[in-house]
Amino acid sequence: MRALFAFRAPCAAKIEDFPLAQVCFKLAGMKGVIRWRRAIARAMMVFVLAHHGQAAVVFRDLTEAAGLREPLLGLMGHGGAWGDFDGDGRIDLFVGGFSDRPNAEYAPAAGPVANRLFRNLGQGRFERIANPAVETFARTSGAVFADLDNDGFPELYVANNARAQARRGGEPQSSAQTRRSQLFRNDGGRLLDFSGPSGACPDSLLTARNIGALDYNQDGLLDLLLIEDRFTRNPRTRLLRNLGGLRFSDATQEAGLPNDLFGLGHAVADLNNDGAPDFFIGHANRLFLSQPGGRYREAAELREVFKHAPADGEDWPCGAAFGDLNRDGRLDLVVSAHAVRARNRLFLNDGLKEGVPQFREITREAGLLEIVPAKCPHVEIQDFDNDGWPDLYFSAAWLEDGQVTPLIYRHQGLQKGLPRFAASRTVKEPMVYYPAGPSGDFDGDGRLDLFLINWFSGNWCRLLRNESPERHWLQVRVTGRRSNRMGLGAQIRLYAAGQMGNAQALLGCQEMNVGFGYASGQPAVAHFGLGDVTETDLEVRFPNGQTVARRAVKAGALALIEEP
């Protein structure tokens, strides 16, 4: 398979923009351009590395070699999730899509392609799991793996964008249109449909999009935040309380959430430092802060800050992600745009004032002012080059000669205390987009990979293995005892070795969460790039206030932290 090259040159240019490349193309003639393109790409990558001292972000398309291309050909994909459903230590993959369109739209498949579950076999290979309960036809918009019963095996929640009544005849399209969201219980690695008995998939929940897993009332059980879009009559996002035994009840009103809350993507984090999760919902662009007694209030003070002025009828804020972009220990916010001319936005967290995080927009100052000529539904804050600074990834890409280059803005460091970013190349047409594209280290090599979920005919889903030059890294997995077993909501801080608790020596800060961005589920693992740092001090604060400290933690490993 051909490598996908995306490197950071001083002008963020394409290979063809370099004079050396232009001369070689002319000498080679048209018949030799493809061969020369590969050779020049490798040569120019070496040139950039040698002359600018910056590591490249390199992805290789392993879709076919991994056994994922053929089972997903024709899928009109929209949602998916990584998660270790069988407990073997390797993250597995669920992929879902829309199955309600005419048969011809699924070519080369004969008709709609059902949702798929794949087991990670290791060595870069996956196998399809033939599970009729999971392989349904629906209008699947998102998915997440979350351990809802604290048994160590994550359940699978699939958000289906259902209609009240079928608008097309014929099967499987007709039933796909009305299929509600689904919860699959995990019995030791076997997924069983538990939608009805659970109460987690109410018939009244129609146009579901994203799923949040969070312990809003701090009882040690993960609850569900089910986000419904506005494209239905009386949209209503729901907060479902986990009663235990995989039973749920609607706690939306009890928690003080409004009945008119709609959205697309979301992000969860404890922003007001009370140990309980707060959350931001994209499209509505509303932030909700936890209050005593398991209640919420909207941060109405920030409505003007997050306000979005649409350029047209399909210009919607969409995905959201929290992350510390300037090493101050506070979680900043990035919001992506579902628009053909996407205006993604970045908000810096300046700290609390009377219990409210003070966000201010720094999109221009951070280098993100340019309009992306493609939709950017999904977003993540992750360190893809392991240089120690988190990058910004949006699910838009360039598709050229069958190669996919994802849109990643690499962190350039701080300027006057503000984070600066630069795209790997000039952001201009033509570009494509993928509705979902969760990150995850599927091969365990310490570099974050991507699975891009394809919607359009003529293209297909892509497993992109990160083969960037090796730098140091650390991954952290948390196990709760009194807190939820997945450790969601735990805050993780890395310090320079011997500098535990020194704010000036902070190397990174993350909160453990899954399902952020849009339509995508990530594994419950916090990934930190470390650059040249070989050991760090590690501090984990659980939602209940318990803290675990580990000193002189060696890089290049998965640190397993258990709640006391």
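In every chain, residue numbers begin from 1 and rise along the written sequence. Where local features are concerned, this predicted model is filtered to residues with pLDDT of at least 70; where side-chain atom pairs are given and counted, the filter is 80 or more; whole-chain, interface and lining totals use all residues. To obtain the side-chain values, all non-hydrogen atoms of the structure were used and water was disregarded.

A. Broad picture of the environment of Asp219. Mapped onto the fold, Asp219 is located in the loop between strand E11 (208-214) and strand E12 (223-228). Here the term buried applies to any residue with accessible area under 20% of the maximum for its type, exposed to any over 50%, and partly exposed to those in between, with areas from a 1.4 Å probe on protein chains only. For Asp219, a relative accessible area of 35% gives the class partly exposed. Taking the C-alpha atoms as reference, Asp219 lies 33 Å from Arg360; in sequence the two are 141 residues apart. From its side chain, Asp219 meets the backbone nitrogen of Leu221 in a polar contact 3.0 Å long. A run of DSSP states H or I qualifies as a helix once it reaches four residues; a run of E qualifies as a strand once it reaches two. Both are numbered from the N-terminal end. N or O atoms within 3.5 Å of each other form a polar contact, as long as, within protein, one can give a hydrogen and the other can take it, and as long as residues adjacent in sequence are counted only when both atoms are side-chain atoms.

B. Broad picture of unusual backbone geometry. Cis geometry marks the peptide bond from Ala107 to Pro108, where omega comes out at 10 degrees. Inspection of the secondary structure assignment puts Pro108 in the loop between strand E4 (92-97) and strand E5 (116-122). Positive phi, normally seen in glycine, also occurs at Leu246, with a value near 60 degrees. The topology assignment puts Leu246 in the loop between strand E13 (238-244) and strand E14 (247-250). Owing to a relative accessible area of 2%, Leu246 belongs among the buried residues under this scheme. With a phi angle near 55 degrees, Asn285 is a residue other than glycine that sits in the positive phi range. Structurally, Asn285 can be placed in the loop between strand E16 (278-281) and strand E17 (286-291). You can call Asn285 buried: its relative accessible area is 9%.

C. Main features of the state of the cysteines. Criterion for a disulfide: a pair of cysteine sulfur atoms at a distance within 2.5 Å. Considering all chains together, one arrives at zero disulfides under this definition. No disulfide involves Cys318; its sulfur sits 9.8 Å from the nearest other cysteine sulfur, which is in Cys376. For Cys318, a relative accessible area of 0% gives the class buried.

D. The arrangement of the side chain of Lys375 in detail. Relative to the helices and strands, Lys375 resides in the loop between strand E22 (356-361) and strand E23 (379-382). Judged by its relative accessible area of 12%, Lys375 is buried. Of the polar contacts made by the side chain of Lys375, one reaches the side chain of Glu314; its length is 2.6 Å.

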